[in-house]
Number of protein chains: 2
Amino acid sequence: MGKTSYEVKAKFIRGFSDKTRLQILESIKNKEKTVSQIVDDLKGNQSNISQHLACLKGCGIIISRQEGKYIYYSLRNAEIAQLLDIMEAVFVQVEEEVAACERNDELDCCPKQ
Amino acid sequence: MGKTSYEVKAKFIRGFSDKTRLQILESIKNKEKTVSQIVDDLKGNQSNISQHLACLKGCGIIISRQEGKYIYYSLRNAEIAQLLDIMEAVFVQVEEEVAACERNDELDCCPKQ
DNA sequence: CACACATATTAATAATTGCTAATATGATAC
DNA sequence: GTATCATATTAGCAATTATTAATATGTGTG
């Protein structure tokens, strides 16, 4: 795989690497939702959610469709749902270790946020 | 899933969301390697690679073992390899769209790097 | 012990990211 | 057309991240 491809792939995966975006994905996983439904769901800020939705869409992770004044968002396809499931399954295996590392201030193990 | 869990999960996934780390993972996917082997492989900077390795380790994605003065790194387990494969498969589906978005300067679709 | 090599850590910096508040766009209903 | 509701965009800011150069640690060898 060429260097450029790694960059694009990293960008794609970065779509999944934020707690708010993960919550959005969970929220729309089984059923498409409007922006305001998602905002309610996450008790979040409308502008913030809107930006994360644009991000997810730009990463090819979700799609949207308009119906009147509402815009419905959903996962792009079944493969994305499957990827989420597998991420979850693998994550559960290492969760404790990752959480522990996060607490450890001496060892500066990269992504903190 | 609780809020904290989303944060930890996001951190775990963030381990995969960088082009250098993806290259490292590709490099050690089939065979454990020493730091200098990886540095050679990626034609990278030793300090930089070392930090990314610490990051991947902190995220529970890779493990290491020492043999004399060398330290060998490898994927944590087969599930991580499987996750990488599925990420790749799903990514290929949306690659063109993500790449296109990256070029589009008007639409500021989140993660750029 | 001194030297060479392998790897890790630190510090400084530039770039990216996520958040909030404010404003803009677009659609419907009256 | 104007008011209202849903969503998007913008700008500014605080925090995080990736990178590099320099230095430190640790391991084997003579």
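Quick note: structure is the one above.
Residues numbered from 1 in each chain as written. Chains lettered and ligands numbered in written order. Predicted model: local features only at pLDDT ≥ 70, side-chain atom pairs only at ≥ 80, totals over all residues. Heavy atoms only, no water.

**So, helix H4 (residues 46–58) of chain B**
Residue and element names in this part refer to chain B.
Piece 1. Taking 1.5 Å of rise per residue, 13 residues should cover 18 Å, and H4 covers 18 Å from first to last C-alpha, within 8% of that figure.
Piece 2. Taken together, the buried positions of H4 are occupied by Ile-49, His-52, Leu-53, Cys-55, Leu-56 and Gly-58.
Piece 3. The opening residue of H4 is Asn-45, an N-cap whose side-chain oxygen sits 2.8 Å from the backbone nitrogen of Ser-47.
Piece 4. Gly-60 sits one or two positions beyond H4 and adopts a positive phi of about 75°. (Helix = DSSP H or I, 4+ residues; strand = E, 2+ residues; numbered from the N terminus. Expected span 1.5 Å × (residues − 1). Buried < 20%, exposed > 50% of the residue type's maximum accessible area, 1.4 Å probe, protein only. Polar contact = N/O pair within 3.5 Å; in protein donor to acceptor, adjacent residues only side chain to side chain.)

**Here's the deal with the protein's contact with DNA strand C**
Piece 1. Near DNA strand C you find 29 residues, and of these Ser47(A), His52(A), Ser36(B), Ser50(B) and Tyr73(B) are the closest.
Piece 2. Here DNA strand C approaches the protein such that, of its atoms within 4 Å, sugar and phosphate make up 68%.
Piece 3. Between a phosphate oxygen of DNA strand C and a side-chain N or O atom of Asn48(A), the distance comes to 2.9 Å.
Piece 4. Between DNA strand C and the protein, one listed contact pairs a phosphate oxygen with a side-chain N or O atom of Tyr73(B) at 2.6 Å. (Near = heavy atom within 4 Å.)

**Here's the deal with the relation of the copies chain B and chain A**
Each of the two copies of the chain can be brought onto the other by a rotation about an axis and a shift along it.
Piece 1. Mapping chain B onto chain A leaves a residual RMSD of 0.0 Å; the transformation is a rotation of 180° accompanied by 0.0 Å of translation along its axis. Taken together, the rotation and translation describe the operation of a two-fold axis. Judged by C-alpha distance, Arg14(B) is the residue of chain B that lies nearest the rotation axis, at 3.2 Å.
Piece 2. Most of the interface of chain B is mirrored in chain A, where 100% of its interface residues again form contacts. (Least-squares fit on C-alpha atoms with pLDDT ≥ 70 in both. Contact = heavy atoms within 4.5 Å.)

**Side note on the nonpolar core**
Considering soluble globular proteins, one finds that nonpolar side chains tend to be buried as a cluster.
Piece 1. Core analysis: the largest hydrophobic core is formed by 66 residues, its most contacted members being Phe12(A), Phe16(A), Phe12(B) and Phe16(B).
Piece 2. Ignoring any residue separated from it by four or fewer positions in sequence, one finds Phe12(A) in contact with Cys59(A), Ile61(A), Ile80(A), Leu83(A), Met87(B), Val90(B), Phe91(B), Val94(B) and Val98(B). (Core = buried A, V, L, I, M, F, W, Y, C linked by side-chain atoms within 4.5 Å.)

**Thoughts on unusual backbone geometry**
Piece 1. The residue Lys43(A) is not glycine, and still its phi comes out positive at about 50°.
Piece 2. We classify Lys43(A) as exposed; its relative accessible area is 75%.

**What to know about the pattern of salt bridges**
Piece 1. Within the structure shown, the criterion is met by ten salt bridges over all chains.
Piece 2. In this structure, the salt-bridge partner of Asp41(B) is Lys33(B), at a minimum N-O distance of 3.4 Å.
Piece 3. The buried category is assigned to Lys33(B), whose relative accessible area is 15%.
Piece 4. We note a salt bridge from Glu67(B) to Arg65(B), for which the minimum N-O separation is 2.7 Å.
Piece 5. Classification of Arg65(B) by relative accessible area gives partly exposed; the value is 34%.
Piece 6. One continuous salt-bridge network, built from bridges that share partners, spans Glu32(A), Arg65(A) and Glu67(A). (Salt bridge = Lys/Arg side-chain N within 4 Å of Asp/Glu carboxyl O.)

**Overview of the interface of chain B and chain A**
Piece 1. Each partner contributes to the interface: chain B provides 50 residues, whereas chain A provides 50 residues.
Piece 2. Carbon and sulfur atoms supply 68% of the area that chain B and chain A bury against each other, a total of about 5,100 Å² over both sides.
Piece 3. Scanning the region where chain B abuts chain A turns up two salt bridges.
Piece 4. One salt bridge in this structure joins Lys9(B) and Glu88(A), with 2.8 Å as the shortest N-O distance.
Piece 5. Applying the counting rule to chain B against chain A returns eight residue pairs in polar contact (both at pLDDT 80 or more). (Buried area = accessible area lost by both parts, 1.4 Å probe.)

**Focus on the protein's contact with DNA strand D**
Piece 1. The environment of DNA strand D is made up of 29 residues, and the closest members are Ser36(A), Gln46(A), Tyr73(A), Ser47(B) and His52(B).
Piece 2. In DNA strand D, atoms within 4 Å of the protein come 67% from sugar and phosphate.
Piece 3. Residue Ser50(A) places a side-chain N or O atom 2.7 Å away from a phosphate oxygen belonging to DNA strand D.
Piece 4. Of the residues that constitute the surface near DNA strand D, the class distribution is six nonpolar, 16 polar and seven charged. (Nonpolar A, V, L, I, M, F, W, Y, C, P; charged D, E, K, R; others polar.)

**A short note on helix H2 (residues 19–28) of chain A**
Residue and element names in this part refer to chain A.
Piece 1. Most of H2 is tucked away, with eight of its ten residues classed as buried.
Piece 2. Three or more residues of H2 are buried, namely Thr-20, Arg-21, Leu-22, Gln-23, Ile-24, Leu-25, Ser-27 and Ile-28.
Piece 3. Where H2 begins, the capping side chain belongs to Asp-18, and its oxygen is found 2.9 Å from the backbone nitrogen of Thr-20.

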